[in-house]
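Report on the structure
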Amino acid sequence: MTAMKRRFCNCLGSGGVVLAALCMASTPAFPQGSYRPGPGKTPVPVVGGFDKIHPLPPGGPAPRMSDGHPDLTGRWYPNAAGKMLQFAYPLDPAAIRQFDPKATPEVAPSFKPGMEAKYKRPAPYGECDQAGTPSTTLEQDAQHAPMELIATPGRLAMLYEYPLDVRMVYMGGRQHPKDPDPTFNGDTTARWEGDTLVLDVIAIDERMRNFGGEGGGGGWFPSAQEHITERITRTSKNYLTYEITIEDPVVLAKPWKSAPRTWSLAQDPHDEWGEVFCTLNQEPDEYKKIKEHDAQTKGK
Amino acid sequence: MRLGFFAVLIAAFALSGAAVPVSAHHGFAVEFDGSKCMDLKGTLTGIDWENPHAYFHMDVKNAAGKVEAWSLEMITPNALKRNGTTRQDFTGNIGKPMAARACPTKAGGTQYRGSAEFLELADGQVRIVGQLVEKITPEQFHF
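Description of the overall build of chain B
In terms of regular secondary structure, chain B is built from four helices and six strands. Across the 143 residues that make up chain B, the buried fraction comes to 39%. If you take every contact in chain B between residues at least 6 apart in sequence, the share linking residues at least 24 apart comes to 51%.

In structure tokens form, the structure reads like this:
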């Protein structure tokens, strides 16, 4: 029963309150995409060597940039293992999860009266478009695809393999413009608080549903007044912590705060940026027609 | 206490097969039937190593002796590669026997199309290639 509950926990808002309660109440027996064999059963070897994967050690202190701030540069995976673990089996739960729901639980958002019915919509069939801020970062809990950060004192580039997205964050005291145009990723300013980079985001396109795996309580749409605060801390060489607060005075009764979510540094020196396009791409079908035509007219 | 009871109700609701999307770019249950998953045994005939999904094709002889040409969806090539399965693992086994556990499209959907959970190519290795929507583990996978 617990296992089945957990499998449906990476839900995207369809069913609304019902699924929110399910996500809240479930305690994972095992993470998405992995099994443990039943008692007395010998695990069958599965390609991938996942039984040998465990949380990385801290690996020493975080490196620093020329300005003295921690260098956030790295290929980061949303787990504790430093590699992609989507659909991996069998697996140490401590290696695959971004946070321990018993130690730092995430609770469902609380909505203002009438707002849940208005701002929660069923998930549509295709969601291949950009997820925007903050869903692009939060949903990696289910996707396990990497986020690559390239940091200099003047700029932080945040690159996501899935969904393919780029956030360019300008350091050096940039302020929000007076009336920023809404964008999928929003308008971001950045400041350091000690060794934590704090990102302040407003003007997110209202069509960007908020969702983010377990604890997010299913997805909901923001209002134009949504305000996001992201806190990124490189706690050691191998680990990054990402924590987010969502405030929305129109929709939410109080701010929603994520657990501090773990990201770990890619360990394989040959682990390179991979292309993942998620589109309703019908071009391959058109291309196939050329090949089919060639095959049919061959020799004529 | 109330929440626990509610959660049990929800789990029962979920087990009944109600549509619950678990993938972030399209919902499995919108297209496929997780209650009708089956073992397919046949011959690997092709591989489309594409985003957002890779697909493999296999010829399966049904009970009446007729050959069915199946197209089965897998996860993105990046995830397959990083989990230890490459395009060459497929191209090197085309024309050879294979078996797969897959869930077909729902009634009214495209025939001989499905979503694969795991498979075994002619090299004999079990590979996870999609969402494990059923409550079975590879050692329960029978050929």
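Observations regarding the overall build of chain A
Helices and strands together make up the secondary structure of chain A, namely seven helices and 10 strands. When each of the 300 residues of chain A is scored for burial, the buried share is 44%. Pairs at least 24 residues apart make up 67% of the contacts formed inside chain A by residues separated by at least 6 positions.

Structural notes on the environment of A:Gly82
As for its placement among the helices and strands, A:Gly82 is situated in the loop between β1 (74-77) and α3 (93-96). Between the alpha carbons of A:Gly82 and A:Asp92 there is a distance of 13 Å; along the sequence they are 10 residues apart.

Points about unusual backbone geometry
Cis geometry is adopted by the peptide bond preceding A:Pro134, which originates at A:Thr133 and carries an omega value of 0 degrees. Residue B:Tyr112 is not a glycine yet carries a positive backbone phi of 55 degrees. By secondary structure assignment, the location of B:Tyr112 is in the loop between β4 (97-104) and β5 (113-120).

Things to note about the nonpolar core
Grouped together as the largest cluster of nonpolar side chains are 76 residues, with contacts concentrated most on A:Ala81, A:Leu91, B:Met74, B:Ala100, B:Leu119 and B:Val129. Among all residues touching B:Leu119, those that are not within four sequence positions of it are B:Met98, B:Ala99, B:Ala100, B:Arg127 and B:Val129.

Things to note about the pairing of strand β3 (residues 67-73) of chain B
All names here are of chain B. Alignment of strand β2 (residues 55-61) against β3, held across seven bridges, turns out to be antiparallel. Residue pairing in the sheet places Asp-59 in a bridge with Ala-69 of β3. The turn joining β2 and β3, which pair antiparallel and follow one another in sequence, is formed by five residues; a positive phi near 90 degrees is taken by Gly-65. Bridging between β3 and β5 involves three bridges; their strand directions are parallel. Looking at β5, one finds that Ser-71 is bridged to Arg-113.

Here we look at the environment of B:Gly65
Turning to its location among the elements, B:Gly65 is positioned in the loop between β2 and β3. Taking the number of C-beta atoms within 10 Å as the measure of exposure, B:Gly65 has 6 and is therefore exposed.

Section: the environment of B:Val30
Summarising the element assignment, B:Val30 is placed in helix α2 (residues 28-31). In the structure, B:Val30 is positioned 75 residues away from B:Thr105 in sequence and 9.0 Å away in space, judged by C-alpha atoms.

Description of the pairing of strand β3 (residues 155-160) of chain A
All names here are of chain A. Side chains Leu-156, Met-158 and Tyr-160 project from β3 onto a buried face, and the interleaved Arg-155, Ala-157 and Leu-159 project onto a face without burial. Relative to β3, strand β2 (residues 147-152) runs antiparallel, the two being bridged by six bridges. Opposite Glu-148, over in β3, you have Leu-159 as the bridge partner. Hairpin connection, β2 to β3: the antiparallel pair is bridged by two residues.

Notes on the confidence of the model for chain A
With 78% of its residues at a pLDDT of 70 or more, chain A has an overall mean of 82. Low pLDDT (under 50) marks residues 1-37 of chain A, which in the prediction has 117 contacts with non-local residues, meaning those over four places away or in another chain.

Some details on the confidence of the model for chain B
All names here are of chain B. Taken over all residues, the pLDDT of chain B has a mean of 81, while the share at 70 or more is 76%. Under a pLDDT of 50 for its full length, residues 1-24 has, in the predicted model, 51 contacts with residues more than four places off or in other chains. Across the interface, the model reports ipTM at 0.72; the global pTM reads 0.79.

Thresholds, definitions, all that
- Residues numbered from 1 in each chain as written.
- Chains lettered and ligands numbered in written order.
- Predicted model: local features only at pLDDT ≥ 70, side-chain atom pairs only at ≥ 80, totals over all residues.
- Helix = DSSP H or I, 4+ residues; strand = E, 2+ residues; numbered from the N terminus.
- Buried ≥ 20, exposed ≤ 12 C-beta atoms within 10 Å, placed from the backbone.
- Contact = placed C-beta atoms within 7 Å.
- Core = buried A, V, L, I, M, F, W, Y, C linked by C-beta atoms within 7 Å.
- Pairing = 2+ DSSP bridges.
- pLDDT = per-residue confidence, 0-100.

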